[in-house]
Amino acid sequence: MPQGDYIELHRKRHGYRLDHFERKRKKEAREVHERAAYAQKALGIKGKIFAKKRYAEKALMKKTLAMHDESTTRRKVDDNVQDGAIPAYLLDRDTTTRAKVLSNTIKQKRKEKAGKWEVPLPKVRPVAEDEMFKVLRSGKRKTKQWKRMVTKATFVGPGFTRKPPKYERFIRPSGLRFTKAHVTHPELKCTFNLEIIGVKKNPNGPMYTSLGVMTKGTVIEVNVSELGLVTPAGKVVWGKYAQVTNNPENDGCINAVLLV
Amino acid sequence: MVQYNFKKITVVPSGKEFVDIILSRTQRQTPTVVHKGYAISRLRQFYMRKVRFTQQNFHEKLSTIIEEFPRLDDIHPFYGDLLHVLYNKDHYKLALGQINTARNIIGKIAKDYVRLLKYGDSLYRCKCLKVAALGRMCTVIKRIGPSLAYLEQIRQHMARLPSIDPNTRTILICGYPNVGKSSFINKITRADVDVQPYAFTTKSLFVGHTDYKYLRYQVIDTPGILDRPFEDRNIIEMCSITALAHLRSAVLFFLDISGSCGYSIAQQAALFHSIKSLFMNKPLIIVCNKIDLQPLDGLPEEDVKLVMEMKAEAIKAVVAQGGEPNDEGVLLTMSTLTDDGVISVKNAACERLLNQRVEMKMKSKKINDCLNRFHVAIPKPRDNKERPTCIPQAILEARAKESKEMENRKLERDLENENGGAGVYSASLRKHYILASDEWKEDIMPEILDGHNVYDFVDPDILQRLEELEREEGLRLEAESYEAEFEIDGKELTPEEREALAEIRKKKSLLIQEHRIKKSTAESRPTIPRKFDKDRKFTTERMGRQLSSLGLDPSSAIYRARSRSISRNGRKRDRSFARDGDDAEAMDIDDEHKSKKLRLRSTSRSRSRPPGEVIPGEGLKDSAQKLKAIKIKKKSEKVRNKAARRGEADRVIPNLKPKHLFSGKRSIGKTQRR
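None of the values given here were measured: they were computed from a predicted structure.

The next thing to look at is the overall build of chain A. Scanning chain A from terminus to terminus reveals 7 helices and 10 strands. In chain A, 44% of the contacts between residues at least 6 apart in sequence involve partners at least 24 apart.

Below, the structure written as structure tokens:
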């Protein structure tokens, strides 16, 4: 039975076939034509996938060729500027003083009280009630229609117990309850899977906020103890607000952006 | 006995390929058409099926990978250790563990999204959920891409490992690099191991098989070991150490006493002493190789002392195992170049291994199960008389003569050697031919004569056949001559007769041609009797024409034909003619009867009965009964369909839309055949 590197051994002992190199060269030359024939013949989804892949390859090829071309034109050389770099004439200036920091915190507290924030998604599409709720018929003859089932993602707290089924008006199905969100830090550009503490505000209305419905644009509070953020005073920050940036009922997960 | 063959592991696809395969399989094997207007449960089911199908496929493929790769703890410790040495057990286990986790994660994703799909209330929402589910599963596979690549490399290497059976009779060869281990295994087995002058030519274990006393032995060639502390050893040396440690085998320690391997005997002795712990409980033979370059006696004293020390160690080991301190089988010399002593080394090793194994088997408990099952019966001698074999004197003499002849016989080989050797002398293969005459032995046989192969015409019974043929020929000639005597006895033909003959022949040929055409088209044409001819070929006009062309008067023939035909509405006939015709037939009838008959036969009389009416009579009491009788008759007699009309059994229901041409997914392209 062939053992060890038997292919190399055979090559070492007997060398290559007499026409090996010619055949190899011709096969490689033929590949171009075969690839073109496949590209022309492939239909349907396979054709599309191949076309996309091929387009990406060609774009890359063009770029490398252009790079290697010697060009006589002179181009301005732009060094990448680091974030936060300031020109020399702006150095040695204290941008923020402590007082300013304090006043910023006070301003934020005031804004919170007022209920206004700067958020990444200022405007969201309004969600109609019939899109949000599904009418459930109940009663012996199924004529009563006062029950509603929520069709969007919801959050219920950890100590949540349902009202007795006879009296509950809004049904939040357990399949649509989420406890975790994928929160992106806008500056660090990385995403963490953080627990939701609560729903702060749903732009569609206070009723939805109280129900805990999370749609696009909802501001939620997440548990950021993982990130290890610390206030200037030395206290550990463990809750921060984040705004939902996707439609959770369509994607099956909640993507949010941290509000810093 | 498990066969350690790692060649059967399926190929592990790379991350991207894996995703491509599974997604295209989902696209091909699940239904693809869905519309907004379908019932919501149907939409949900459509998408749930896709998610579940994808998950199942991933699960299947990942499971095959996990199951086919061997578990290092479940296989023989030799292989477990070997794979650890080669691939690092931790990395291997980690990679497989990652695959397992990926499989579980994909299962969870599918479960979650199927649960979410139950709440999908529109096509768009269900579709988004399905896209998200498949996307997440593919991301998981992308993340384990490096593990898949690693496993694929391992698989390729594992497939080329030698399949060593750890439990059977094995001979292990070890020693410094370049001492002649691979040459030895090439000599005694059919393994074709590379032999080169540089060290570490052999980089892994090689196995060959050899036979001794009708039993098969595995011979394992190892890469050379250098004398180093254990921790410093590299992977290649560790392979041989693993083999030494785990395989219960006979060990041949090779010693190069000529020093042409580049290492002195002192170094080799040092190696021996450092690994002698691995030789415990194994029959050990120290083999001195390359004695053609340096015989054992010609060694300097210190080297001889070292060699004797090693031998002493080996003898000690033999004594420890329970054998006698016999130093014959412990130190052997050989040369693989001149084949001197190779076979004796092999025999010694096999013999010692066999004895050891037999002893072990006898000592083990299992032997008692077998031992009481066989019993060698030796007949007890009844008296002290000796009864040797009895061979008749004649046979003894014949045997002696034969043996003498065999000794004195001149072989073909001797003849060849006398007359110039292998290339020069060509043996005459014909000198033992048995022919009728000895002179024909050296005759040249022609092969081709007149363009024919002579051997096609060679036949052992050829003379017999010739006689038979001649006899037949004679008979045939006689028959022919008899026939030739018969000749046409007749006058010459007149010109009219000749014309008529020509006409007849022409007519005949025409008929034959027509018949042939009819015969060839007979399959597609129903055969109907002449009276049902649709084309109306057989009419009286035709007959008249043909007869007049022959020169005959057709009128009487036409009249006769018409008078015989039965026509429903009747036909006006020429009375005078009829009378004449009738006269000819009815010669004895009086005039009254004649006129009555005429009247009866005349069809110009009006019918006074309605067509459906049935008159009673003929033994039946009334019309009803007669009707019934007629009906029964009609039912019982099946009227034959001689006119070849289409009947109820000839109905054809064509299949205008065969299922096999209209089913299956083909979004673009024709379906004219499948």
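After presenting the structure, the write-up continues.
So, on to the packing of helix H2 (residues 40-68) of chain B against helix H4 (residues 89-117) of chain B. Residues and elements named next belong to chain B. Two elements in contact, H2 and H4, have axes whose closest approach is 10 Å; the angle formed by their N-to-C orientations is 170°. It follows from the interaxial angle that H2 and H4 lie roughly antiparallel. Listed contacts from H4 to Arg-44, Tyr-47, Met-48, Val-51, Arg-52, Gln-55, Phe-58, His-59, Leu-62, Ser-63 and Ile-66 of H2 are Leu-96, Ile-99, Asn-100, Ala-102, Arg-103, Ile-106, Gly-107, Ala-110, Val-114 and Leu-117. Each residue belonging to the contact of H2 with H4 can be placed in one class, and the counts come to 13 nonpolar, 5 polar and 3 charged.

Every α-helix winds through 3.6 residues per turn, so residues three or four apart in the chain are directed the same way. Residue and element names in this part refer to chain B. When helix H9 (residues 265-275) is considered as a whole, its buried residues turn out to be Ile-265, Gln-268, Ala-269, Leu-271, Phe-272 and Ile-275. Relative to the axis of H9, the buried residues are bounded by an arc of 155° and lie together on one face. Among the structural elements, strand E1 (170-175), helix H8 (235-246), strand E4 (250-256), strand E5 (284-289) and helix H10 (301-321) are those in contact with the buried residues of H9.

Turning our attention to the sheet that holds strand E1 (residues 133-138) of chain A. All names here are of chain A. In space, the 3 strands of this open sheet follow the order E1-E2-E4, with mixed pairing throughout. The open sheet is flanked by E1 and strand E4 (170-171), the only strands paired with a single partner. Two elements, strand E2 (residues 144-150) and E4, share 2 bridges in a ladder whose sense is parallel. Bridging from a neighbouring strand, Arg-148 pairs with Phe-170 of E4.

A few words now on the environment of Pro126(A). All names here are of chain A. Take Pro-126: it is sitting in the loop between helix H4 (98-114) and helix H5 (129-132). Pro-126 gets classed as exposed once you look at its relative accessible area, which sits at 63%. Considering only alpha carbons, one finds Pro-126 and Thr-215, 89 residues apart in sequence, at a separation of 9.8 Å.

The next thing to look at is the sheet that holds E5(B). All names here are of chain B. Reading across the sheet, the 6 strands line up as E2-E3-E1-E4-E5-E6 and stay open at both edges, with mixed pairing between neighbours. Whereas interior strands pair on both sides, the edge strands pair on one side only; in this sheet they are strand E2 (206-212) and strand E6 (331-333). On average, each strand axis in the sheet is tilted by 25° relative to the strand beside it, whichever way the strands run. Direction of pairing for E1 relative to strand E3 (residues 215-221): parallel, over a ladder of 4 bridges. Within the sheet, the bridge partner assigned to Leu-172 lies in E3 and is Ile-220. H9 contacts E1, E4 and E5 of the sheet and is inclined by roughly 160° relative to E4.

With that out of the way, let us pick up the interface of chain A and chain B. Taken residue by residue, the interface counts 23 residues in chain A and 27 residues in chain B. Here chain A meets chain B over a buried area of about 2100 Å², counting both sides, of which 52% is carbon and sulfur. Applying the counting rule to chain A against chain B returns 3 salt bridges. For Asp5(A), the salt bridge identified is with Arg160(B), shortest N-O distance 2.8 Å.

Rules used in this analysis
Counting restarts for each chain: residues are numbered from 1 in the order of the written sequence. Working convention: letters from A go to chains and numbers from 1 go to ligands, in the order in which they are written. With pLDDT at 70 or above as the cut-off, local features in this predicted model cover only qualifying residues; side-chain atom pairs require 80 or more to be listed or tallied, and sums for whole chains, interfaces and linings still use all residues. Calculation of side-chain values draws on the structure's entire complement of heavy atoms; hydrogens and water are dropped beforehand. What counts as a helix is a DSSP run of H or I of at least four residues, what counts as a strand is a run of E of at least two, and both are numbered from the N terminus. Contacts are assigned to residue pairs with any non-hydrogen atoms lying within 4.5 Å of each other. Note on method: axes are straight lines fitted to C-alpha atoms, helices fitted across the in-contact stretch only, with angles between N-to-C directions ranging 0 to 180 degrees. Reported orientations rely on four angle classes, namely roughly parallel under 35 degrees, roughly antiparallel over 145, roughly perpendicular from 65 to 115, and oblique for the rest. Classes in brief: Ala, Val, Leu, Ile, Met, Phe, Trp, Tyr, Cys and Pro nonpolar; Asp, Glu, Lys and Arg charged; the others, Gly included, polar. Each residue is placed in one exposure class: buried if its accessible area under a 1.4 Å probe, protein chains only, is under 20% of its type's maximum, exposed if it is over 50%, and partly exposed if it falls in between. Directions are taken from the helix axis to each C-beta atom, and the arc is the one they span. If DSSP finds at least two bridges between two strands, the strands pair. Joining two parts hides part of their accessible area as seen by a 1.4 Å probe, and the buried area is that hidden amount summed over both. Salt-bridge detection follows one rule: a side-chain nitrogen of Lys or Arg within 4 Å of a carboxyl oxygen of Asp or Glu.

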